[in-house]
Amino acid sequence: MSAQGNAGEGVEGTAGPGIVIAIDGPSGSGKSSTSKGVARARGLAYLDTGAMYRAITWWMLRNGIEAEDAVAVADAASKPVITMGTDPSAPTVQVDGTDVAGEIRTQEVTSSVSAVSAVPAVRERLVAMQRDTIAQARRESGGIVVEGRDITTVVAPDAEVKIFLTASAEARARRRSKENSSDDVAGTQEALARRDRLDSSRAVSPLTRTADAVELETTGLGLQEVVDLVLGLADEAAAAEASPAAG
Ligand SMILES: Nc1ncnc2c1ncn2[C@@H]1O[C@H](COP(=O)(O)OP(=O)(O)OP(=O)(O)O)[C@@H](O)[C@H]1O
Ligand SMILES: Nc1ccn([C@H]2C[C@H](O)[C@@H](COP(=O)(O)O)O2)c(=O)n1
């Protein structure tokens, strides 16, 4: 299954038959690894919404538009065609038909993505695409695991499972440094903190934990332990849905 932007933009709500597992959390808390593991274990689709914000940022930079120029970013927000592949074993991201999976992870994109994702026109477009993808996965794939910063709060507040994934700043920096084969844990921690600050303080859809999201603090936990905890929450939600009186 894949999702392509522009069709159906503006569709509200994501209700339907399959399950939606929504995972938010700060940078490097393990959202992508956990979400992919959960989706693979249950045969669900997977959507990395951060990759969508990175993809649109990549396009802006490629086309000479400054990330900090909110007016120019808003004017161009509808132009790139973003296509997301939602197979958790081989997720893909294309812009205008080009595979950008590697290029959206560069330092240049990472340091600009928070500014681009704070522009309301960008968010309106991508949230509409995300809701379309969720609705399609509910109908066709038994459901989806979606991860980002505003999934539990804005994109899919009706999700059956809502999780706020955290880990200490040190643990997140250690994990990310290891992934990048970097010795500069302090520098990595600073870069994560800067992005978290911007993503949590913006006017539109800041990263926040809702009261009904389960907080999973993962500092001392291995990846498989976290995946198993989320699978347990999904099982509980499915059981409650099957016999609402027992819940
Ligand atoms: N529970 C865990 N224990 C140890 N390492 C983990 C754990 N969860 C994730 N990791 C590792 O931490 C790194 C960051 O994880 P991941 O990319 O899944 O985080 P993220 O929240 O999606 O990050 P971002 O918001 O920057 O996209 C990866 O190298 C991943 O393998
Ligand atoms: N739902 C989302 C997902 C991501 N973003 C922004 C903020 C992040 O810094 C950036 C990159 O995400 P990552 O790849 O680190 O998960 O995209 C957002 O605003 N809303």
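Cut-offs and rules
Residues numbered from 1 in each chain as written. Chains lettered and ligands numbered in written order. Predicted model: local features only at pLDDT ≥ 70, side-chain atom pairs only at ≥ 80, totals over all residues. Heavy atoms only, no water. UniProt positions renumbered as here; feature names shortened; annotations may be inferred. Axes fitted to C-alpha atoms, helices over the stretch in contact; angles between N-to-C directions. Helix = DSSP H or I, 4+ residues; strand = E, 2+ residues; numbered from the N terminus. Left-handed = near helix turned anticlockwise from the far one by under 90°. Contact = heavy atoms within 4.5 Å. Nonpolar A, V, L, I, M, F, W, Y, C, P; charged D, E, K, R; others polar. Near = heavy atom within 4 Å. Polar contact = N/O pair within 3.5 Å; in protein donor to acceptor, adjacent residues only side chain to side chain. Areas by Shrake-Rupley, 256 points an atom, 1.4 Å probe, with all protein chains shown as cover. Pairing = 2+ DSSP bridges.

- Per an unreviewed UniProt entry, the chain goes by the name Cytidylate kinase and belongs to Nocardiopsis composta.
- Database annotation for the chain, UniProt heading Subcellular location (unreviewed entry): "Cytoplasm".

## Quick word on the packing of helix α7 (residues 169–179) against helix α8 (residues 185–201)
Phase 1: At their nearest, the axes of α7 and α8 sit 8 Å apart, and the two run at 115° to each other. Judged by the twist between their axes, the crossing of α7 over α8 is right-handed. Contacts from Ala169, Glu170, Arg172, Ala173, Arg174, Arg176 and Ser177 in α7 reach Val185, Thr188, Gln189, Leu192, Arg195 and Asp196 in α8.
Phase 2: When its residues are assigned to classes, the contact of α7 with α8 shows 4 nonpolar, 3 polar and 6 charged.

## Considering the site of ligand 1
Phase 1: For ligand 1, the set of nearby residues contains 17 residues, the closest of which are Lys31, Ser32, Ser33, Arg176 and Leu221.
Phase 2: Within the backbone of Gly28, one N or O atom sits 3.0 Å away from an oxygen atom of ligand 1.
Phase 3: Here Leu221 contributes a backbone N or O atom positioned 2.9 Å from a nitrogen atom of ligand 1.
Phase 4: Contact with the protein chains hides 80% of the accessible area of ligand 1, taken as 630 Å² for the molecule alone.
Phase 5: Listed by contribution, the elements that provide at least two residues to the shell around ligand 1 are α1 (31–42), α7 and α9 (223–242).

## Quick look at the sheet that holds strand β3 (residues 45–48)
Phase 1: If you trace the 5 strands from one edge of the open sheet to the other, you get β3-β7-β2-β8-β9, paired in parallel fashion. Each edge of the open sheet is held by one strand with a lone partner, namely β3 and β9 (214–217). Mean inter-strand twist for the sheet, computed between neighbouring axes without regard to direction, equals 20°.
Phase 2: Taken strand by strand, α1 contacts β2 (19–24), β3, β7 (143–148) and β8 (161–166), and its axis lies near 175° from that of β7.

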